[in-house]
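The chain contents come next:
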Amino acid sequence: MLFRSIWQLNATQYYVPLIKSDSANGIKTFIKIQSKSTVAGSNGVNVQILASDGTMVTYTPSISITSGTPYVITGTDLVNAAAAAGHPVSGVNGFAAIITVNAPESDVFTYANIMDPAGAKRVPVKTVGGTIVE
């Protein structure tokens, strides 16, 4: 008799519809993520960046979220990752991304801000079901 194991990843996806990075004009996006998960192997992060040519570029940070500690991804991080992959984005006009965190939705907290000389503006971060989580 053959038995197969099926592993399911209890991960959370967030849609960030507007990310900017324009250092010439002092505009920066900060995406902050926290997790309360302490399960071994959890809290990894993967970002799918929507490039200007319509392709999705993968950015996987080299470290995972430390439980309880804010983890920051900047618009500049994502602009650089897309350019390195040969599929640039416009940090001036803005772009979107999907962030996947390897932890249950009930364990993850996230929000995004665009900072510019006039102050901070919230970006509506949404889950797959369309719920705004800011």
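Residues numbered from 1 in each chain as written. Predicted model: local features only at pLDDT ≥ 70, side-chain atom pairs only at ≥ 80, totals over all residues. Heavy atoms only, no water.

Along its length, the protein carries one helix and ten strands. Overall, the protein shows an N-to-C arrangement of helices and strands of β-β-β-β-β-β-α-β-β-β-β. Against the 2.2 N^0.38 benchmark of 14 Å for 134 residues, the protein shows a C-alpha radius of gyration of 16 Å, consistent with a compact globule. Overall, the C-alpha framework of the protein stretches about 65 × 30 × 30 Å when taken along its three principal axes. A fraction of 72% describes how many contacts in the protein between residues 6 or more apart in sequence connect residues 24 or more apart. Treating the 8 positive side-chain charges of the protein as one cloud and the 7 negative ones as another, the clouds have centres 4 Å apart. (Helix = DSSP H or I, 4+ residues; strand = E, 2+ residues; numbered from the N terminus. Rg over C-alpha atoms; globule rule 2.2 N^0.38 Å. Contact = heavy atoms within 4.5 Å. Lys, Arg positive; Asp, Glu negative; His and termini not counted. Charge placed at Lys NZ, Arg CZ, Asp CG, Glu CD.)

Looking at helix 1 (residues 75-84), one finds that the buried residues are Gly75, Leu78, Val79, Ala81 and Ala82. Down the axis of helix 1, the buried side of the element spans an arc of 165°, and every buried residue falls inside it. Phi turns positive, to about 80°, at Gly86, one or two residues after helix 1. (Buried < 20%, exposed > 50% of the residue type's maximum accessible area, 1.4 Å probe, protein only. Arc of directions from axis to C-beta.)

Take the sheet that holds strand 5 (residues 56-59) next. Reading across the sheet, the five strands line up as 5-4-7-1-10 and stay open at both edges, with antiparallel pairing between neighbours. In the strand order of this sheet, the two ends are held by strand 5 and strand 10 (126-127), each with one partner. Pairing of strand 1 (residues 12-19) with strand 7 (residues 95-101) involves six bridges; the strand directions are antiparallel. Bridging across to strand 7, Tyr15 finds its partner in Ile98. Here helix 1 sits on the sheet and contacts strand 1, strand 4 (45-50), strand 5 and strand 7; the angle it forms with strand 5, its principal contact strand, is near 115°. (Pairing = 2+ DSSP bridges. Axes fitted to C-alpha atoms, helices over the stretch in contact; angles between N-to-C directions.)

Okay, the environment of Asp53 next. Along the chain, the position of Asp53 falls in the loop between strand 4 and strand 5. In terms of polar contacts, Asp53 uses its side chain to reach the side chain of Thr55, at 2.6 Å. Of note is the side chain of Asp53, whose polar atom sits 2.6 Å from the side chain of His87. (Polar contact = N/O pair within 3.5 Å; in protein donor to acceptor, adjacent residues only side chain to side chain.)

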